[in-house]
Amino acid sequence: MFYLPTRIIFGENALREAAPHLAFGKRALIVSGRSSAVKSGVLGDLIPILNELNIEHKIFAQILENPLTSQIIAGKEFMLENNCDFIIAIGGGSPLDAAKAIAIAAANDLSEDELYQLDLHKRSYPIVAVPTTHGTGSEVTQYSVLTHSKTNKKAGFGSDLNFPRLAIVDPRYMTSLSPKVSLHTALDALSHLLEGLYSLSRNTHLYPMIHRGVRLIVDNLSLCLKEPNHLPAREALALASLYGGITIAHTGTTLQHAIGYPFTSAFDTPHGLANAMFMKEMMEFNLPNMLELINELFDAINMSKEEFYNWLESFPIQIKVEISDDEEERWMDEILGARNIAASPRVPTRDELRALIHTVKKGV
Ligand code: NAP
Ligand code: FE
């Protein structure tokens, strides 16, 4: 099965090329983070195009990293008060995911506690997604990952209503990323590609895309960190991120993502780093169940597993954090109860999970 209802326009000047496909309504709600829509240059390119198309716009630039459900309700109210009839989401995964949830909340008049109740998601508004990071691939996925404001628990929901109608991916909008966000988001994309192989919902149609995506990241990440304005390298990472998104739209994510969520909730560990710090251990953990698939990957990218690990460990991804034993027990419940566990090829016992967590626990 291969299903993707999103029109994708990729490459330099993609926004201009997308103009004929942009008119989903008369008044757009622009959802973004505090700074990325301006810093990336998207807003400066977008406003004249909206003016040419006679589309009005209202800006809601309040989405923080790892968006809270309370921000979704504020966005929903803003959208309804201003009678917007579609959304243009600009930014990293946080504003893109928030935009999906705002559209669902506004269309179905949901309260904060109803956001995860899929049976109440009957309709949504059209979404145009313009990513400014090369990590989540949210521009082509049906997922929205939120943190509940009351419980501080990070969890996603998936719904076909969430798929953006149009994804506009221009690597020029990513050259303003800091080295840290560049690194972390590329490692998130890498994680999505690898999880596409791990997932029990893995899909042979995706393997060429997964192999190519991993190769693009391995070949271009260091270059991009050294030369942030290197457009071909940025384009390679943007493409890998898009491939990662298309992959997880089909396979879902796995334990690799679930294990990172409590770290992000507790320590604000950036999402991509939270994946990367367990990436080697997770590959080793999954390996016995999928030796052939992993060998195929390394053949395709012309690298040995050890070379890949050395490459991975050349980046600053080794972190150690203070975790109490009580916290560790609670996190294990959360991780083992996560939605993503269903697709994991090997579900850890509590002792195995504890050992994985100890990779990053101080004093162990
Ligand atoms: P992000 O949280 O959206 O943004 C990280 C930081 O980068 C923010 O400070 C942002 O600034 C800044 N930024 C973004 N673009 C920039 C640019 N072009 N120039 C300068 N600064 C820029 O990061 P992300 O890693 O892309 O998204 C992470 C979120 O996505 C997490 O919540 C994660 O769980 C979720 N996620 C979703 C999916 C999915 O399929 N939907 C998959 C994986 C992860 P401002 O905030 O000031 O704008
Ligand atoms: Fe992710």
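Each remark here, short or long, concerns the structure printed above.
What counts, and where the lines are drawn
Residues numbered from 1 in each chain as written. Chains lettered and ligands numbered in written order. Predicted model: local features only at pLDDT ≥ 70, side-chain atom pairs only at ≥ 80, totals over all residues. Heavy atoms only, no water. Phe/Tyr/Trp six-rings, centres within 6.5 Å; stacked < 30°, edge-to-face > 60°. Helix = DSSP H or I, 4+ residues; strand = E, 2+ residues; numbered from the N terminus. Buried < 20%, exposed > 50% of the residue type's maximum accessible area, 1.4 Å probe, protein only. Lys NZ or Arg CZ within 6 Å of the ring centre and 35° of its normal. Near = heavy atom within 4 Å. Polar contact = N/O pair within 3.5 Å; in protein donor to acceptor, adjacent residues only side chain to side chain. Areas by Shrake-Rupley, 256 points an atom, 1.4 Å probe, with all protein chains shown as cover. Donors = N, O, S within 2.8 Å, 3.2 Å for Na, K, Ca; no water. Pairing = 2+ DSSP bridges. Axes fitted to C-alpha atoms, helices over the stretch in contact; angles between N-to-C directions.

J.: Is there a simple way to explain the packing of aromatic side chains in this structure?
T.: The description of an aromatic ring pair rests on the distance of the ring centres and on the angle between the ring planes. Applying the stated criterion to the full structure yields twelve aromatic pairs. Ring geometry for Tyr-116 versus Phe-157: centroids 6.1 Å apart, planes at 85°, classification edge-to-face. Of the two residues, Tyr-116 is situated in the loop between helix H5 (93-108) and strand E5 (127-131) and Phe-157 in strand E7 (residues 154-158); the sequence distance between them amounts to 41 residues. Accessibility expressed as a relative area gives 25% for Tyr-116, which makes it partly exposed. For Phe-157, a relative accessible area of 3% puts it in the buried group. When the ring of Phe-267 is compared with that of Trp-331, the centres are 5.9 Å apart and the planes differ by 75°; the resulting orientation is edge-to-face. Of the two residues, Phe-267 is situated in helix H10 (residues 261-267) and Trp-331 in helix H15 (residues 325-336); the sequence distance between them amounts to 64 residues. Members of the aromatic cluster, each reached through a chain of ring pairs, are Phe-298, Phe-308, Tyr-309, Trp-311 and Phe-315. Positioned above the aromatic ring of Phe-285 is the side chain of Arg-346, whose terminal nitrogen or guanidinium carbon lies 3.8 Å from the ring centre.

J.: Which parts of the structure should I look at to understand the environment of Lys-226?
T.: With respect to the helices and strands, the residue Lys-226 is situated in helix H7 (residues 207-226). Taking relative accessible area as the criterion, Lys-226 reaches 68% and is therefore assigned exposed. Along the sequence, Lys-226 and Asp-119 sit 107 residues apart, while their C-alpha atoms lie 47 Å from each other.

J.: Sorry, what's going on with the site of ligand 1 here?
T.: By nearness alone, 30 residues border ligand 1, and Ser-35, Ser-36, Ser-94, Thr-132 and Thr-133 come closest of all. At 2.6 Å, a side-chain N or O of Ser-36 approaches an oxygen atom of ligand 1. Within the side chain of Ser-94, an N or O atom sits 2.6 Å from an oxygen atom of ligand 1. Within the complex, the protein chains bury 90% of what would otherwise be the 940 Å² of accessible surface of ligand 1. Mapped by element, the contributors of at least two residues to the shell around ligand 1 are helix H2 (36-39), H5, strand E6 (143-147) and helix H6 (179-198).

J.: I'm lost on the coordination of the iron ion (ligand 2) in this one. Help?
T.: Perfect tetrahedral coordination of a metal by four donors corresponds to 109.5 degrees between them, and perfect octahedral coordination by six donors corresponds to 90 or 180 degrees. Protein coordination at the iron ion (ligand 2): the donors are Asp-188 (OD), His-192 (NE2), His-257 (NE2) and His-271 (NE2), at 2.1 to 2.3 Å from the metal. In the primary sequence, the donor residues of the iron ion (ligand 2) line up as D-x3-H-x64-H-x13-H. Placement of the pair is Asp-188 in helix H6 and His-271 in helix H11 (residues 271-276), with a sequence separation of 83 residues.

J.: Is there a simple way to explain the sheet that holds strand E4 (residues 86-91) in this structure?
T.: Two pairing modes exist for strands in a sheet, parallel and antiparallel, and in both the strands are linked by backbone hydrogen bonds. The strand order across the open sheet built from six strands is E1-E8-E5-E4-E2-E3, with neighbouring strands paired in parallel fashion. The sheet is open, and its two borders are formed by strand E1 (7-10) and strand E3 (56-63), each paired with just one other strand. Strand-to-strand twist in this sheet, taken as the mean axis angle between neighbours without regard to direction, amounts to 15°. Pairing of E4 with E5, which is carried by five bridges, proceeds in the parallel orientation. Within E5, the position partnered with Ala-89 by the bridge is Ala-129.

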